[in-house]
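Residue strings, one per chain:
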Amino acid sequence: MKEYHLGLIGYPLSHSLSPIIHQGFLKSCGLAGHYDLFPIQDDQSKEEKLQEIIQRIRSAELDGLNVTIPHKQNVITFLDGVTGDARIVGAVNTIYRKEGKIFGDNTDVSGFLADIERLIALEERGTAVVLGAGGAARAVTLGLIKKGWNVIITARRKEQAQQIVEQLAPLATHDVKWVNIFIQSLLFTELESFISERVNLISLIVNCTPIGMAGYPPIDLIPKTVQLNKNIKVYDLVYNPPETSLLKMARQLGLEGLNGMGMLIEQAARSFEIWTGVTLPRPLRISISPMIEETS
Ligand code: NAP
């Protein structure tokens, strides 16, 4: 019986839930294998270490790897190519071998889309405010514009948000399905007046910053003075603690919200399916909540 050798590269990894999720998938499919953590710091030796570990996939010692912060872009130069959403997002979270070549894909886009459907019906296209402008914001924005949504990207550095707009806006106009979509960048400080002027337009707020994570300084992502429409739904990519400060605020205002645990599991499932060729039965069933309390 084949034994799968899988794992995760990034730094820090000590609180990662990926081993539990992937061991759960292996078990549920009756497959043998293990999922290990390979911490690689963002220092001078990173290139050598990344090259070395990717060589281990090439030599079939490893079957596949996930990639997290800070290497989602760093790994690309060591691959033979990028596929799927990674070509547009410009960041890789899944490395796999196919016909002797090593490729990178991005399952955050489809993982997000699969989970957000639990909160909001995406076919009822609307306007979303994305908080943050890093790799996850890029994936979320791509997912939303693919579904015909308008997206406002807010960041503390406007040029970072503007980069996403410039990269993704042409897609929104080149594809007939995506006509009339707009993507716009804003500073966090401009958010209050933007929302106040368009309170009936916005139907979704998505946090794509680490703010709200356990151990992170408490910051109000949305100023308390902003009047939010009761129909707005709030999705937080952060999942530890399960109720982030943004989700707490949403609950207090009577807004529906969801954390990013479902996305974490959905994106992991898609990586697992790429590596093994096995389609996991839906709905995905993984129990990890006690682990969250331990790691927070
Ligand atoms: P990233 O590439 O480092 O981007 C983080 C973004 O947040 C950047 O725009 C950053 O701005 C901004 N930011 C950070 N601290 C801030 C602060 N104090 N005030 C304002 N903005 C701040 O990280 P990422 O890969 O996009 O991930 C973002 C979060 O999503 C992380 O917490 C990650 O764990 C989570 N995530 C969850 C899932 C899931 O499956 N649930 C998947 C992917 C990511 P600067 O560049 O100016 O610092």
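Residues numbered from 1 in each chain as written. Predicted model: local features only at pLDDT ≥ 70, side-chain atom pairs only at ≥ 80, totals over all residues. Heavy atoms only, no water.

> Please clarify how the sheet that holds strand β8 (residues 150-155) should be interpreted in this entry.
Sheets are built from strands paired through backbone hydrogen bonds, the pairs being either parallel or antiparallel. Strand order in this open sheet of six strands is β9-β8-β7-β10-β11-β12, and the pairing throughout is parallel. With partners counted over all chains shown, the strands left at the sheet margins are β9 (183-187) and β12 (257-259), one partner each. Pairwise comparison of adjacent strand axes, ignoring direction, gives a mean angle of 20° for this sheet. Running over the sheet, helix α4 (residues 108-116) touches β10 (202-207), β11 (233-236) and β12 and is turned about 140° from β11. Together, β7 (127-131), β8, β9 and β10 form the strand contacts of helix α5 (residues 135-146), whose direction differs from that of β7 by roughly 175°. (Pairing = 2+ DSSP bridges. Helix = DSSP H or I, 4+ residues; strand = E, 2+ residues; numbered from the N terminus. Axes fitted to C-alpha atoms, helices over the stretch in contact; angles between N-to-C directions. Contact = heavy atoms within 4.5 Å.)

> Any chance you could explain the nonpolar core here in plain terms?
Nonpolar side chains tend to gather and get buried jointly when the protein is soluble and globular. Core analysis: the biggest nonpolar cluster contains 34 residues, and Phe112, Leu144, Leu204 and Tyr235 have the highest contact counts within it. Only α4, β7, α5, β8, α6 (158-174) and β10 provide two or more residues apiece to this core. Looking at which element gives the most residues to this core, the answer is α5, with six residues. In contact with Leu204, not counting residues within four places along its chain, are Ile116, Leu119, Ile120, Thr127, Ala128, Val129, Leu144, Trp149, Ile232 and Lys233. (Core = buried A, V, L, I, M, F, W, Y, C linked by side-chain atoms within 4.5 Å. Buried < 20%, exposed > 50% of the residue type's maximum accessible area, 1.4 Å probe, protein only.)

> Explanation requested: the site of the ligand in the structure shown.
Contacts to the ligand come from 23 residues, most closely from Ala133, Ala136, Arg156, Arg157 and Gln160. At 2.9 Å, a backbone N or O of Ala133 approaches an oxygen atom of the ligand. The fraction of the free accessible surface of the ligand (920 Å²) that becomes covered by protein chains is 80%. At the level of elements, α5 and α9 (261-276) are the ones that each hand at least two residues to the shell around the ligand. (Near = heavy atom within 4 Å. Polar contact = N/O pair within 3.5 Å; in protein donor to acceptor, adjacent residues only side chain to side chain. Areas by Shrake-Rupley, 256 points an atom, 1.4 Å probe, with all protein chains shown as cover.)

> Can you help me understand a nonpolar patch on the surface in this one?
A contiguous nonpolar patch, built from Met213, Tyr216 and Ile219 and spanning about 260 Å² of accessible area, is present on the exposed surface. Within the secondary structure, Tyr216 sits in the loop between β10 and β11. Taking relative accessible area as the criterion, Tyr216 reaches 35% and is therefore assigned partly exposed. (Patch = residues over 30% accessible without salt bridge, like charges linked within 9 Å, V, L, I, M, F, W, Y side chains within 5 Å. Salt bridge = Lys/Arg side-chain N within 4 Å of Asp/Glu carboxyl O.)

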